[in-house]
Amino acid sequence: MASVEPLSANDPSGSRPAEQTLRVGIAGMSCASCVSRVEKALRAVDRVESANVNLATERAEVTFSSAPDPAAIQTAIQQAGYSIVEDTIELAVEGMSCASCVGRIEKALAAVPGVLEAHVNLATEKAQVRHVAGMVDAKALEAAVGDAGYAARTVADNDSGDQQAQARAEEIGALKRSILFAGAATLPIFVLEMGSHVFTGLHDGLMATLGQQNLFYLFFVLASFVQFGPGLRFYKKGWPALMRGGPDMNSLVMLGTSAAYGYSLVATFLPSVLPEGTVNVYYEASAMIVTLILIGRYMEALSKGRTSEAIKRLMTLQAKTARVIRDGEPVEVALEDVQVGDIVQVRPGEKVPVDGEVAEGTSYVDESMITGEPVPVQKNAGAEVVGGTLNKTGSFSFTATKVGGDTMLAQIIRMVEAAQGAKLPIQALVDRVTGVFVPVVLAAAALTFGIWLLFGPTPALTFALVNAVAVLIIACPCAMGLATPTSIMVGTGRAAEMGVLFRKGEALQSLRGIDTIALDKTGTLTKGRPELTDLVTAEGFERDDVLQTVAAVEAHSEHPVAEAIVEAARASGVKRAKAADFEATPGYGVSASVDARTVAIGADRFMRQMDLDVTAFADTASRLADEGKTPLYAAIDGRLAAIIAVADPIKESTPGAIEALHGLGLRVAMITGDNQRTANAIARRLGIDEVIAEVLPDGKVEAVKRLRGSDRKLAFVGDGINDAPALAEADVGLAIGTGTDVAIESADVVLMSGDLRNVPNAIGLSRAVIRNIKENLFWAFAYNASLIPVAAGALYPAYGVLMSPIFAAAAMALSSIFVLGNALRLRRFAPPMGLEEAPASQSPATTNAAAR
């Protein structure tokens, strides 16, 4: 599969460029007119020779007269009202060392025809490439990264991470060996050179025994071992980058150490070519810089490993094997050999290997890794179990329903990895600065050298060299490249441990700016399991008869209100009737025929639609509303028969969660289908600030728009299925559920447990992560930028202070270590509300929406 495929060269002489063809997948076409519309749009694109669209394969073949333009093709298809089929390839990238490496690789990947977007993460050492499906293959991307001076390999969907872990372990091992070698050679130089400046006796002894020139020769041998042994890595990466016109950190280190080493080389073997008074050696500087930077990289590699521990912990949750029934006997098989439909046995203390449904047995399963809830959940026949959870007591068998990459745990791991690799909007500033940072540093070093050489005191050449090297070393942009991704990695990992999954990395930044939280009521504020609490009949109707008739109709509905009524009828032991001609009117109610009688059940607006007066139940409806219950009405044969109340208990954690949201300074709103009076009663009990009631199912998007207005930043919290449009409309959508909504595409954030307390937890974490990023960026930018003038010698005229290149190397390494250490503090983030805490308060049952 090629990204660009030449078809023909019409001019054999070569005077005219060969035609080239792009093949693009198109989504949304349904008929021949769609084909015609797309072809017309494509043929209007500049330099397109021909365009053929195939409805059956849903692909377009576009031939250009010269170099193809994928971006123009994408725009044309979208403007025609369709969309291109996209895909994503993940690459593991080796050889990156700083923020400028990130920018260079992103630029190289973006230049591959068909690539729509490329994000490179220095901390995870991975690249996410979004491209037009069928136009780009992994080999082309790997080649582009290779041409930029780095190495890349495609990360497969089933990549367990072992290869990356092994590569990191090898890198850490190589760095450790390099440090030991460099330290062994550097230590004698440092002790002898610096010690002779401190201890006069040592200096005199060295001069008397070895002599100055022999000492220079000894330093030369030791420094050469360091420069071209452990230090050779800087040449291998830095020189090609410099030749390509894109110098990076390795280039700065290479230039700085080479300048110090090269000057010392001249002073050692050709001292006569240097001006009088400038014959000095700086072998200790070149060797110490290499050693210190290697130590910094070693500590960096160790810290990077700790930032991804959340993913490692998630992976360790997976069982290695499963006990599957094969030919009537239990057989131990590898996890990857489990198939959908297999019967799997789980004994006490074992991990559930894959997702499934309990077939036989009963037990309590610890699902805290999914929901954050510490209390084990009872599992009986028919209950769902999740791979990676821990069976606590009994034994049971279950039918495997999801295996491999389809399991919930696999989805969670993918989600966390995607969030960790995300590039937040705040990163745009970093990218712009680092794109020009290294060239500016080189210019600053050259300017420093020139000024000291022309205007510096004697020996001017020595001052010029030392200060220019210090500028080169102090300004390495390692910390800048690590400032944002490390915080994201640790923060999203901590979130996963809390049961909060950021599906979109941007939400990590957007959530902190939210000022209003809109909550869907049913299933979010409440348990979502309504119960029948009141049934008051009109004159001439019997309670059991009405309940029997209404339950017959509601038995055809899957709505939670219907289930509550049917369950109440079953519990009352009334005779089961049968209904026919069932019809549901969304937002109003349901109707059917029961024993030749017409029956209608629904909200007051449904009764009014049938010209029925509900004022006879006005007092009862008022009482129910004051109790926070939603009244339903039943009509039989055109007569109002009864008023029914169904209550949905508020979750025990809800009052405390709303209190916590207020504590974060947020305004809380509720969107519900309840009538206004009922909704207001619930809002008063919970302390909700704003209510939008009587909202039909298709009106939630408009309700979100109303709440947001023109100046609010709003997050919507819903169940993630019925609320999908509203979740997508909000600035940030949070899907709250019990883990079954992991793959919801509309939400930005998925809260694995059904506990509303994770909403303030998610917001609190978002604020902590962004605060941490800002601290890192301040340190990385302010620290480096403020020390560049010091390294250049700005303090020398007033205070006689200069920065040694050795100190510059130590300070540069410290900058990266500080950023990584600061990011790792997020691992200890304490959520505003721990899920193991007792609920802040209890609340009596309140009601479910009658609106359907």
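Procedures and definitions
Note that residues are indexed from 1 along each chain, following the sequence as it is written. Per-residue local features of the predicted model are confined to residues with pLDDT of at least 70, and side-chain atom pairs are confined, for both listing and counting, to 80 or more; whole-chain, interface and lining totals are unaffected and use all residues. As a rule here, side-chain values come from all non-hydrogen atoms in the structure, and water together with hydrogens is ignored. Note on conventions: DSSP H or I runs of at least 4 residues are helices, E runs of at least 2 residues are strands, and numbering of each starts at the N terminus. Relative accessibility decides the category of a residue: with a 1.4 Å probe and only protein chains considered, values under 20% of the type maximum give buried, values over 50% give exposed, and everything between is partly exposed. Residues count as neighbours in contact if any of their non-hydrogen atoms are within 4.5 Å of one another. For the area figures, the Shrake-Rupley method with a 1.4 Å probe applies, and any residue is considered shielded solely by the protein chains shown. When DSSP finds two or more bridges between a pair of strands, those strands are recorded as paired. Axes, fitted as lines to C-alpha atoms, cover a helix only where it is in contact. Angles between the N-to-C directions of the axes lie from 0 to 180 degrees. One side-chain nitrogen of Lys or Arg within 4 Å of one carboxyl oxygen of Asp or Glu is enough to make a salt bridge. UniProt positions are given in the numbering used here, feature names are shortened, and annotations may be inferred rather than shown by experiment. Note on terminology: a nonpolar core comprises buried Ala, Val, Leu, Ile, Met, Phe, Trp, Tyr and Cys residues joined through side-chain atoms within 4.5 Å. To estimate how far a helix should extend, the number of its residues minus one is multiplied by 1.5 Å. Definition of a polar contact: a pair of N or O atoms within 3.5 Å, with one able to donate and the other able to accept a hydrogen when the atoms are protein atoms, and with sequence-neighbouring residues admitted only if both atoms are side-chain atoms. When the strands point away from the viewer and the connection leading from the first strand across the helix to the second strand turns clockwise, the crossover is called right-handed.

Quick look at the overall build of the protein
No. 1: Of the regular secondary structure elements, the protein holds 29 helices and 32 strands.
No. 2: Burial analysis of the protein (852 residues in total) assigns 54% to the buried set.
No. 3: Long-range pairs, those at least 24 residues apart, make up 70% of the contacts in the protein between residues at least 6 apart in sequence.
No. 4: A total of about 35,900 Å² of accessible surface is found on the protein, and carbon and sulfur atoms cover 55% of it.

Some words on the sheet that holds strand β28 (residues 690-692)
No. 1: Within the open sheet, the 7 strands sit side by side as β19-β31-β30-β29-β20-β27-β28. Their pairing is mixed. Single-partner strands in this sheet number two, and they are β19 (500-502) and β28. Each neighbouring strand pair of the sheet contributes to a mean axis angle of 20°, computed without reference to strand direction.
No. 2: Here strand β30 (residues 732-736) runs beside strand β31 (residues 749-751); their pairing, made up of 3 bridges, is parallel. What sits directly across from A735, in β31, is V750.

Remarks on the pattern of salt bridges
No. 1: A full pass over the atoms with the stated rule returns 19 salt bridges.
No. 2: Taking the shortest distance from any N to any O, the salt bridge between E350 and R323 comes out at 3.1 Å. Here the residue E350 occupies a position in the loop between β12 (343-346) and β13 (355-361), and R323 occupies one in strand β10 (residues 321-326), the gap between them amounting to 27 residues.
No. 3: The class of E350 is partly exposed, set by a relative accessible area of 23%.
No. 4: Of the residues examined, R323 reaches a relative accessible area of 11% and is grouped as buried.

With respect to the UniProt feature "transmembrane region" (unreviewed entry) in the protein
No. 1: Residues annotated by UniProt as "transmembrane region" (unreviewed entry) correspond here to residues 178-195, 215-232, 252-274, 280-299, 433-455, 461-484, 777-796 and 802-824.
No. 2: Between the first and last C-alpha atoms of residues 178-195 the distance is 25 Å; the span itself is 100% helix and 0% strand.
No. 3: The span residues 802-824 is 87% helical and 0% strand by assignment, and the distance between its end C-alpha atoms comes to 33 Å.

A closer look at the nonpolar core
No. 1: Counting 168 residues, the largest nonpolar core has L42, I73, L109 and I517 as its most contacted members.
No. 2: The element best represented in this core is helix α27 (residues 758-792), accounting for 16 residues.
No. 3: When residues no more than four places from it in sequence are discounted, the contact partners of I517 are L661, L666, R667, V668, A669, A715, V717, V759 and I763.
No. 4: Core analysis: the second largest hydrophobic core is formed by 43 residues, L532, V553, V574 and I636 among them.

Looking at α27
No. 1: Over its 35 residues, α27 extends 50 Å from the first C-alpha to the last, a length consistent with the 51 Å expected when each residue adds 1.5 Å.
No. 2: A positive phi of about 100° marks G793, the residue just after α27.

Things to note about the side chain of T462
No. 1: One can find T462 in helix α15 (residues 460-474).
No. 2: Taking the relative accessible area as the measure of exposure, T462 reaches 9% and is therefore buried.
No. 3: Reaching out from T462, the side chain makes a polar contact with the side chain of Y263 at a distance of 3.5 Å.

Some points on the pairing of strand β27 (residues 667-671)
Where a strand is regular, its side chains alternate between the two sheet faces.
No. 1: The buried fraction of β27 amounts to 4 of the 5 residues, a majority that puts the element mostly inside the structure.
No. 2: Relative to β27, strand β20 (residues 516-520) runs parallel, the two being bridged by 5 bridges. Along β27, the bridge assignment pairs L519 with M670.
No. 3: Sheet topology note: the β27/β28 ladder contains 3 bridges and is parallel. Looking at β28, one finds that M670 is bridged to V691.
No. 4: What joins β27 to β28 is helix α24 (residues 676-686), and the crossover it makes is right-handed.

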